[in-house]
Amino acid sequence: MSDAASVRLETMFGAILATRSASGQLIKALADRAFDLFEANIEAQTAHLPPLACQKGCPSCCALRVSATAPEIFLIARYVRKIDASPAGSTIGLSRRIAHANRATRGLSETERMTRREPCPFIVRGACIIHPVRPLACRGHASFDRRACAQAMAGRDVDVPVSAPHRALRSLIQDALSSALSRAGLPSGLYELNHGLALALADEARERDWTLGTDSLAPARIATDAAA
């Protein structure tokens, strides 16, 4: 996509930051717009490609490290709290699963993560329990070969054919959001998802502190060139 598209997206996020900063709805507005932009544009970007192999019940790639912006993490944290508070969710213990996954994988490389094969805390009975609010990184990782994904996660040296438009659109939206946050004086980095969620779930004040300009998820921050 063009630089003009990036500017348009950043302007959209900037408008949200300018009009909703004091409404208490900033986190949801930013994350929802990011997700809506991805879903509204990905079909047109991939119309010329073969069908994806990604389907419900295939969590092969879910052991990979996931990076996310702060609005995505705080929105997912809200969603996790709602699940935990429900009768069915109380038996799942999603917050505990996230804390365990964070302890088990924090600081590991991608290869080490795949070798350890630590299950994704969000996969429950073969499906992603946070699918409606899954981050851009998950939306932007799509494969054309389910068998290759399984082989890669089993430690075999194979090339997994992934959708370049999915990755490009994910990066475009994520970069535009980060730029708009930076211009607004808010922490604009990327964070390791499990670590960031563990921090947000352990202390709800981190969300408020972030909206005031404090990098409350700083311990989970990752280098941009290492983001996945």
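Refer to the preceding data block for the structure.
Since this is a predicted model, take the numbers as computed values, not measurements.

Here is what the cut-offs are and how they apply
- Residues numbered from 1 in each chain as written.
- Predicted model: local features only at pLDDT ≥ 70, side-chain atom pairs only at ≥ 80, totals over all residues.
- Heavy atoms only, no water.
- Helix = DSSP H or I, 4+ residues; strand = E, 2+ residues; numbered from the N terminus.
- Buried < 20%, exposed > 50% of the residue type's maximum accessible area, 1.4 Å probe, protein only.
- Contact = heavy atoms within 4.5 Å.
- Areas by Shrake-Rupley, 256 points an atom, 1.4 Å probe, with all protein chains shown as cover.
- Salt bridge = Lys/Arg side-chain N within 4 Å of Asp/Glu carboxyl O.
- Phe/Tyr/Trp six-rings, centres within 6.5 Å; stacked < 30°, edge-to-face > 60°.
- Lys NZ or Arg CZ within 6 Å of the ring centre and 35° of its normal.
- Expected span 1.5 Å × (residues − 1).
- Arc of directions from axis to C-beta.
- Pairing = 2+ DSSP bridges.

Colleague: With reference to specific residues and values, describe the overall build of the protein chain.
Modeller: Helix and strand content of the protein chain: 11 helices and 5 strands. Every one of the 228 residues in the protein chain was classed for burial, and the buried ones make up 43%. Across the protein chain, every contact between residues at least 6 apart in sequence was considered, and the portion connecting residues at least 24 apart equals 77%. A total accessible area of about 11,700 Å² is found for the protein chain, and carbon and sulfur atoms account for 51% of it.

Colleague: Please give an account of unusual backbone geometry that cites residues and values.
Modeller: Although it is not a glycine, Arg-125 sits at a positive phi angle of roughly 55°. Locating Arg-125 in the fold gives a position in the loop between strand S2 (123-124) and strand S3 (127-128). Arg-125 gets classed as exposed once you look at its relative accessible area, which sits at 78%.

Colleague: Hey, could you go over the pattern of salt bridges for me, with residue numbers and the actual values?
Modeller: By the definition in use, this model includes 8 salt bridges. With a shortest N-O distance of 2.9 Å, Asp-209 and Arg-208 are connected by a salt bridge. Several salt bridges converge on common partners, so that one network encompasses Glu-39, Arg-134 and Arg-139.

Colleague: Which residues make up the packing of aromatic side chains, and what values go with them?
Modeller: Here the structure, examined in full by the defined rule, presents 1 aromatic pair. When the ring of Phe-74 is compared with that of Trp-210, the centres are 6.1 Å apart and the planes differ by 55°; the resulting orientation is tilted. With Phe-74 in helix H3 (residues 70-85) and Trp-210 in helix H11 (residues 205-211), this pair connects stretches of sequence that are 136 residues apart. Grouping residues by exposure puts Phe-74 and Trp-210 together as buried. Lying across the ring of Phe-35, Arg-139 places its NZ or CZ 4.0 Å from the centre.

Colleague: Provide a residue-level description of helix H1 (residues 3-19), including the pertinent values.
Modeller: Spanning 17 residues, H1 covers 25 Å between terminal C-alpha atoms, matching the ideal 24 Å at 1.5 Å per step. For H1, every residue scored as buried is listed here: Ala-5, Leu-9, Glu-10, Phe-13, Ile-16 and Leu-17. Along the long axis of H1, the arc covered by the buried residues comes to 130°, so they all point the same way. For H1, exposure combined with an orientation more than 90 degrees from the buried face picks out Asp-3, Val-7, Arg-8, Ala-18 and Thr-19. Along its buried surface, H1 packs onto helix H2 (26-46) and helix H9 (164-183).

Colleague: Talk me through the sheet that holds strand S4 (residues 190-192); I want residue IDs and the actual numbers.
Modeller: Strand order in the open sheet made by the 3 strands is S1-S4-S5, with antiparallel pairing throughout. At either end of the open sheet lies a strand with only one pairing partner, and these are strand S1 (67-68) and strand S5 (221-222). Pairing geometry for S1 and S4, over 2 bridges, is antiparallel. Looking across to S4, one finds that Ala-68 is bridged to Tyr-191.

The values are spatial; any link to function lies outside them.
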